[in-house]
Each structure stands twice: as C-alpha cells, then as structure tokens.
Amino acid sequence: MTARKKWHWGVNRWWVLLFIILNITAALAFKPISPHIQVAPEKLSHDPLFTLPVIGDFYLTNTLVAYFIVMVVLILLALAVKRILSKSSLEPRGIAGTLELLVEALYNITESSAGKWAGAIFPLFGSIVLVVLLSNWIGLIPGVDSIGWLEYSEEGYPVISVIPNFLSAIIQGEVAEGGTGYIVTPFVRPVSTDLNFTVGLAIIAVVMTQVIGFRAQGFRYLTKFFNFMDIFKKPFLGFMDFLVGFLELISEFAKVISFSFRLFGNIFAGAVLLFVVGSLVPYFVPSMLMIFEFLVGLIQALVFGMLTMVFMSMATQGHGEHGS
Amino acid sequence: MEKLGLNLGYLLVQITMFAVIFVTLRAWVFKPLLAMLEKRKRVINQGLEDARLAGESRANAEQDAQKIIAEAQAKSNQIVREASERAEHASRDITHSAEVEAARLLEQGKKDVEIERNRVLTELRGDVAALAIAAAQKLIEVNLDEKRQRTLLDEFFSGIRSGKVTLLENASMAGKTAEVTSALPLTDAEQTVVKTDILSKVKGTPTVRYRVDPSILGGLVVKIGDTVLDGSVAGQLQNLKQSLE
Amino acid sequence: MLTGDIVEAAKFIGAGLAMIGAVGAGIGIGLVGQGALQGMARNPDFYGSILSSMILGIAFAEAVAIYCLVIAFLMLFVL
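In this text, all values refer to a predicted model and were calculated from it rather than measured experimentally.

**Student:** Teacher, can you tell me more about the overall build of chain A here?
**Tutor:** Counting its regular elements, chain A contains eight helices and six strands. Start at the N end of chain A and walk to the C end: the helices and strands fall as α-β-β-α-α-α-β-β-β-β-α-α-α-α. For chain A, with 324 residues in total, the buried portion stands at 43%. A sequence separation of at least 24 residues applies to 67% of the contacts in chain A between residues at least 6 apart.

Okay, here's the thing in structure tokens:
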C-alpha cells in the first residue's frame, strides 16, 4: 500500500482560520494606515554620518540598512557553504544542498546560452540573482516598512503610547487641535525600492557586459558601436551600419535605465500595492498579494540576472558570428 | 534627482557593497560549488563509464563463455561422432575380418576336409588296390594253369606279331644280353618264336638267356639291356594298381 | 505657474493617463503567453526552455508597463 497519501488540510485549516479571524479583529481594532510613500529612501539620521569632499553629505538610509542585512545574510551563507563544502566534497548538506540546487539550475541555463564563457559569466549572474532575490523578499518580512522612528509631519497621525518612552504607535484619526502629527520612518525598507540600488546594479551589469565583450573579442568589440569599415566598402548600407552601431551605443545606456526601472518599478509597485490594499481592504487580501509579491520578487530576480547573462553572452559573440 | 533619491554617494556605496557581496559569493560559494558540481559530474560520468565497461566486459565474457561452450559442444559432438565412426569402422573391420577369418577358416576347413578326405580316399584307394590286387593275384594264381599260361604267351606273341606291341623297335642290341623271363619253362617252339619275332626286330644278335620266375604269374618279360618289355600278368596287375591309386 | 488643488488633480489625471501605456504591455504579455502555450502544447518536451523564454519575453513586455507605472509614481509621489 504505497498509494500517495492524499493531502488534506488537517490542522492547518484551523490555523489559517485562526489567523484570518485575528487579522480581521486586529484590522477592526486598529485600522491600518497607509504609510507615507516616497520614492527616495528615508534618512534615518538627522546628522550626516560623514561628509565626503565632492559627493557631499552621507546619511544612513533605511534601504542601506536593508542592504547591510542582505549583505550579512549572504556572507554568512557563503561562510556556511564554504565550511560545508570544505568538509564533504561531493554531497553538500544543509543550506549548501539547497544552494547547490539553485546554482546548478542557473549554471545550466548559463551554459546553454553562453557556452564556453559560462564560467566567466556565471558568478556575476548568480550574485545578481541572489542579491536581488533577497532584496526583493526582505520587504515581505513583517515589521519591515512599518517599524521605525516617529517623525513630525503635517500630514501625520495621532500617536498612542504602547510602552511609555520606548514604543509608540500611530493610529488612524484626526490629530487633535494644537497637537502634532507623526509619520513612521521605517528602519528597514526593501533595497529594490531604492533607485540607487537598481541603477547601481544596472551599471554594474552593463559595464561588466562591455568587459566581457572586450575579454572575448578584444578591440574588435568596438566595431559593434563604431562601424567605420563598411562606409568605404558599400556607401549607403555602410552608413546605415554606422548609424546602427550608434544606436547600439545608445541602447547600452538605455539598458541601464531599462534594467533599473524594471526592477525598481516592479518592487516599488508591489510595495505600494501592499500599502494601498493593506489600508483599503486589510482583510485576507494582503496575504494573497504577499504570495504574489513573493513570486514577483523571484521572477524579477531571475529576469534581471538572466537578462544580464543573455546580454553578456551576446557580447561574447562577434558581430558576424552569431550563427556559431 | 533629489526627489527620486538618486545620489552619487549612495550609488557608489551600493556598487561597492555589491562588489563585496560578489567577491565573497564568487570565492566562497560559486567557485567551490561549481568545482564540486564539475567533480561530481566527472565522478558520475566515471561511474557510468565504469558501469558501461563492466557491462560490456560482462557481455563479452558471456559471449566468450557462449563461444567456448559452443566450441566445446562442437568438439564433443565431433569426438562422439569420430568415436562412433571409429567404433563403427572398427566393428565393421572386426566383422569383416571375422567374416574373412570365418570364410578363411571355412575354406581351410573345407580344404582340410578335402585333403583329409583325399588322403583318406588315397589311403583307402591304395588299400583297396592292394586288397584288390592281392585278391586278384590270389585269384590269378589259382586260375593260371598250364593251358592258360600257353594262351597268354600266344596272345603276347600274336600281339607282337600283329604290331600291337611295338616295343624294342630299332633298339640296338649289339653286344647285349636279352633276358627272357617266363612263369613256365618255354618250349623250344616258343623259344624260336621269341628269337624270330622279338629279336628279329632289333639290330644285332644278342645272346638270349631264359629264366623261369613263377612270381610273374604268366606271360613274358623281355629285358634287353636297360629296356624291359613287360608282358607279364604281374606287370599288368601292377599297372592296374597304379591306375587305381 | 499653477498652484493649489488643480495641480493635485492634474497629477492624478496625468498618472492615470500614463497608465494607458499598460494596455500595450497587457496585449504583449497575452501574445507571449499564447505563443508559449501553443508551443508547449505542440511539443511538451521543450516545456522548460519555452517557459524560461516566455518569462523573459513577459519581462520585456512588462517593462513597458513598468515604465508607465514609474511615470505614474513619479507624478504621484515625486512631482
């Protein structure tokens, strides 16, 4: 009798029901407030941490905190994997086994499209995927985007004290006359909702694409952009080729914008959606959206990485050798 | 730009942070993991290759075993066939030789029997002849009286005269002694007949001597030198006996 | 220079108009999904590679909608 046991809800349904009821009662007791939405990351410190001569003041922002968390998590992960791999040579256990699954799948994709350059391309691809994945998913952790400093604001909300002098909460309602309204500046905000992060990542991707192109083809790679040769060979089409090369150059810059705004837009839109729906219909629906956002985060991470990888592998192939 | 939050400082910081993560991950995760994957793939391929080789060699061994068995069977079949052939051959040989031997033995036996019979017959014949002759002698001795003796002599002489007995023709008798033996003493007339009839035919004139020997039973025996003219009954009996044997 | 509520109204109207661009992205994603599903149905062996290509294509098409969304957000929250 090895027939597969049919999965049924069992005790889980009661947990789900319990949490839905808790969700509804909590939302009825304290109506959720849509947080203050702004594109630029919030500064957590009023005074700059340090001032650089040219760049200017440098504040600690909440996206930076998230980035630190991502970095620490990834470095701990790397350390664990390193230790596990140094112990057992062929059978990774624990977290390394999980990571191995991901790495193997990603590497197979890379190998199928990049061929012999897979070894050079893959580390960047994998790093981007892992970093973006964690940056996207960090917004799903409870408390992110909702716990932070209270700040004075004209559009603020009244405050009640939960634990005196330590923990307070803003509640829905009108600020009393003469009182002060507050908004929350969260400690942690998903990194992907910071344009600095996405633009930085896009710049890295595009620059590394050029680097890989130069490594693969040498200075012949430049003919992709500055195609002077054909002008003398065939006057009209050669000129067209020159213009196409110019367009290629522009498209490289467009790639930065495309990369960065795709990731930023997806995750920021997801965050905004969660905020808005969470304040409008705080019953059960945000849970579904959370699952959706989980999927979106995974897909965007894969898309960012795979686009980088595809552009890189295209850069390794020369102008006239697409077929090979 | 300010409201978008784009800031060169943050950009650089985040790029450097990504670089840190990238280097760490590459050094500690991707390179060892990829090396491990490569190694594992190699090990698995090695194992598969080994398994394939083992399978192949097993198949080869099976084939060899099959071949060996087939060869052994063929050889054993051949041996059996040869053995049976040889046995058949041998049995045929034996049968043949036995037949030959039997035939030979039979032949031999037949021959022996023949020889024996011939011998016995010969012996018997000799005995019979001897007995017959003895009986005849006895008979003849009893019956040969004087009168018959004279008749026998006459027949002899008449035979010579008529040319029936053509012995002593032209034989040289010169200087030799003719000896005439008879069972009874010859009369004078008879002696002259002997002289004229017998001795006239030979050349020369031998001296004739007459002898009487009753053992010749009857008739005459003329002996001139080495030549004997046997006209005696005993001589005829002797001839008979010889022809009987 | 306009000030006051009419500016707020213009922002919202502009954001809404900007999101019209998402129509194209929706059509594009639909076409990508249709093609991918047909391909998968015709030869299910290539399910995996078709799926990854489909996700890539959807991401490209979706990017247009995302640009619209970004513009809308800029109007709403930045300007």
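**Student:** Before we go on, may I ask you to explain helix α2 (residues 22-42) of chain C in this structure?
**Tutor:** Given 3.6 residues to a turn, an α-helix orients residues that are three or four positions apart in the same direction. All names here are of chain C. Look at α2: 30 Å from first C-alpha to last across 21 residues, which is about the 30 Å you get at 1.5 Å a residue. Within α2, the full set of buried residues consists of A25, G28, G33, A36, G39 and M40. Take α2 and look down its axis: the buried residues cluster within an arc of 135°, on one side only. Exposed residues on α2 whose side chains face more than 90 degrees from its buried face are V23, I27, L31, L37, A41 and R42. Lining the buried residues of α2 we find α3 (47-78).

**Student:** Quick question: what am I supposed to make of the side chain of A:K255 here?
**Tutor:** Residues and elements named next belong to chain A. Mapped onto the elements, K255 comes out in helix α7 (residues 235-280). Residue classification places K255 among the buried residues on the basis of a relative accessible area of 13%. Ignoring anything within four residues of it in the chain, the contact list for K255 reads V206 and F311.

**Student:** Would you explain a nonpolar patch on the surface in this entry?
**Tutor:** Residues and elements named next belong to chain A. Residues I24, L28, V276, L280, V281, Y283, F284, V285, M288 and I291 make up a contiguous nonpolar surface patch of roughly 860 Å² in combined accessible area. When residues of the nonpolar patch are traced back to their parent elements, those giving at least two are α1 (12-29), α7 and α8 (285-316). Examining the composition of the nonpolar patch, we find that three residues originate from one element, α8, more than from any other.

**Student:** Help me understand unusual backbone geometry in this model?
**Tutor:** Both trends apply: most residues other than glycine have a negative phi, and most peptide bonds are in trans. In this model, A:F284 sits at a positive phi of 65°, which is unusual for a non-glycine residue. Locating A:F284 in the fold gives a position in the loop between α7 and α8.

**Student:** When you look at empty space enclosed by the protein in this model, what are you seeing that I'm missing?
**Tutor:** Residue and element names in this part refer to chain A. Under the counting rule described, the total for this entry stands at two cavities of 30 Å³ or more. When its volume is computed, the largest cavity comes out at roughly 120 Å³. Forming the boundary of the largest cavity are 13 residues, of which H36, E42, D145, R189 and F275 lie nearest the centre. The element contributing the most residues to the lining of the largest cavity is α7, with three residues. Residues that form the lining of the largest cavity fall into these classes: seven nonpolar, three polar and three charged.

**Student:** Where do I start with helix α4 (residues 118-137) of chain A in this structure?
**Tutor:** Compared with an ideal rise of 1.5 Å per residue, which puts 20 residues at 28 Å, α4(A) spans 27 Å between its outermost C-alpha atoms and is within 8% of the ideal. In terms of burial, α4(A) is largely enclosed, as 16 of its 20 residues are buried.

**Student:** Would you explain the sheet that holds strand β2 (residues 207-212) of chain B in this entry?
**Tutor:** Two strands in a sheet stick together by hydrogen bonds in their backbones, pointing the same way (parallel) or opposite ways (antiparallel). Residues and elements named next belong to chain B. Read across the sheet, four strands follow the order β2-β1-β3-β4 without closing on themselves; strand pairing throughout is mixed. Across the chains shown, the open sheet's two edge strands, defined by having one partner strand only, are β2 and β4 (227-230). Averaged over neighbouring strand pairs, the angle between their axes works out to 15° when direction is ignored. Bridge count for strand β3 (residues 220-224) against β4 is four bridges, and the pairing is antiparallel. Looking at β4, one finds that K223 is bridged to V228.

**Student:** How should I be thinking about the environment of A:I141 in this particular structure?
**Tutor:** All names here are of chain A. Residue placement: I141 occurs in the loop between α4 and β3 (148-157). On the basis of relative accessible area, I141 is assigned to the partly exposed category, the value being 45%. Considered as a pair, I141 and P190 are 49 residues apart in the sequence and their alpha carbons are 9.7 Å apart.

**Student:** Would you take a moment to explain the layout of surface pockets for this structure?
**Tutor:** Regions of empty space are outlined by a rolling probe, equal in size to a water molecule, passed over the atoms. Residue and element names in this part refer to chain A. Approximately 380 Å³ is the volume attributed to the second largest pocket. Surrounding the second largest pocket, 21 residues form its lining, Q38, A40, P41, E42 and K43 being those nearest its centre. Ranked by the residues each element gives to the lining of the second largest pocket, the list is headed by strand β6 (residues 182-186), at three residues.

**Student:** What's the story with the side chain of A:T63 in this structure? I'm lost.
**Tutor:** Note on placement: A:T63 falls in helix α2 (residues 62-87). The class for A:T63 is buried, based on a relative accessible area of 0%. Look past the residues within four positions of A:T63 in its chain and what remains in contact with it is A:P41, A:R189, A:P190, A:V191, A:T193, A:D194 and B:Q14.

**Student:** Can you walk me through the nonpolar core in this structure?
**Tutor:** The tendency in soluble globular proteins is for nonpolar side chains to be buried side by side. Ranked by internal contacts, the top residues of the largest apolar core, which has 68 residues, are A:Y67 and B:F18. Secondary-structure elements contributing two or more residues to this core are α2, α3 (95-114), α4, α5 (195-217), α7 and α8 of chain A, α1 (8-143) of chain B together with α3 of chain C. Top element by residues in this core is α1(B). It accounts for 12 residues. Look past the residues within four positions of B:F18 in its chain and what remains in contact with it is A:Y67, A:L124, A:S127, A:I128, A:V131, A:L201 and A:I204. Counting residues in each nonpolar core, the second largest holds 18 residues, with A:I37, A:V39, A:L195 and A:F275 among its members.

**Student:** Is there a simple way to think about the interface of chain B and chain A in this case?
**Tutor:** Quoted interface sizes are often the accessible area lost when the parts come together. Contact residues are listed per partner, giving 34 residues for chain B and 47 residues for chain A. Put simply, chain B and chain A have two salt bridges between them. The partner of A:E100 in a salt bridge is B:R40, with the nearest N and O atoms 2.3 Å apart. For the pair chain B and chain A, the number of links is five residue pairs in polar contact (both at pLDDT 80 or more). Per-class residue counts for the side of chain B that touches chain A are 23 nonpolar, five polar and six charged.

**Student:** In this structure, what is going on with the packing of α7(A) against α8(A)? I would like to understand it.
**Tutor:** In a packed pair of helices, the relevant descriptors are the angle between the two axes and the axis-to-axis distance. All names here are of chain A. In contact at an axis separation of 10 Å, α7 and α8 are set at 175° when each is read in the N-to-C sense. Taken as axis vectors, α7 and α8 run roughly antiparallel relative to one another. Within the contact of α7 with α8, the residues separate by chemical class into 15 nonpolar, six polar and three charged.

**Student:** Explanation requested: the pattern of salt bridges in the structure shown.
**Tutor:** Two side chains carrying opposite charge are able to pair once their charged atoms lie near each other. Residues and elements named next belong to chain A. A complete count under the given rule lists nine salt bridges over all chains for this structure. One salt bridge in this structure joins K255 and E252, with 2.9 Å as the shortest N-O distance. One end of the pair is K255 and the other is E252, both in helix α7 and three residues apart, which spans about a single turn. Exposure class is identical for K255 and E252. Each is buried.

Calculation notes
- Residues numbered from 1 in each chain as written.
- Chains lettered and ligands numbered in written order.
- Predicted model: local features only at pLDDT ≥ 70, side-chain atom pairs only at ≥ 80, totals over all residues.
- Heavy atoms only, no water.
- Helix = DSSP H or I, 4+ residues; strand = E, 2+ residues; numbered from the N terminus.
- Buried < 20%, exposed > 50% of the residue type's maximum accessible area, 1.4 Å probe, protein only.
- Contact = heavy atoms within 4.5 Å.
- Expected span 1.5 Å × (residues − 1).
- Arc of directions from axis to C-beta.
- Patch = residues over 30% accessible without salt bridge, like charges linked within 9 Å, V, L, I, M, F, W, Y side chains within 5 Å.
- Areas by Shrake-Rupley, 256 points an atom, 1.4 Å probe, with all protein chains shown as cover.
- Salt bridge = Lys/Arg side-chain N within 4 Å of Asp/Glu carboxyl O.
- 1 Å grid on protein atoms, 1.4 Å probe; cavity = no way out; pocket = protein on both sides within 12 Å on 5 of 7 lines; lining within 4 Å.
- Points joined across faces, edges and corners; volume = space filled by probe spheres on them.
- Nonpolar A, V, L, I, M, F, W, Y, C, P; charged D, E, K, R; others polar.
- Pairing = 2+ DSSP bridges.
- Axes fitted to C-alpha atoms, helices over the stretch in contact; angles between N-to-C directions.
- Core = buried A, V, L, I, M, F, W, Y, C linked by side-chain atoms within 4.5 Å.
- Polar contact = N/O pair within 3.5 Å; in protein donor to acceptor, adjacent residues only side chain to side chain.
- Parallel < 35°, antiparallel > 145°, perpendicular 65-115°, else oblique.

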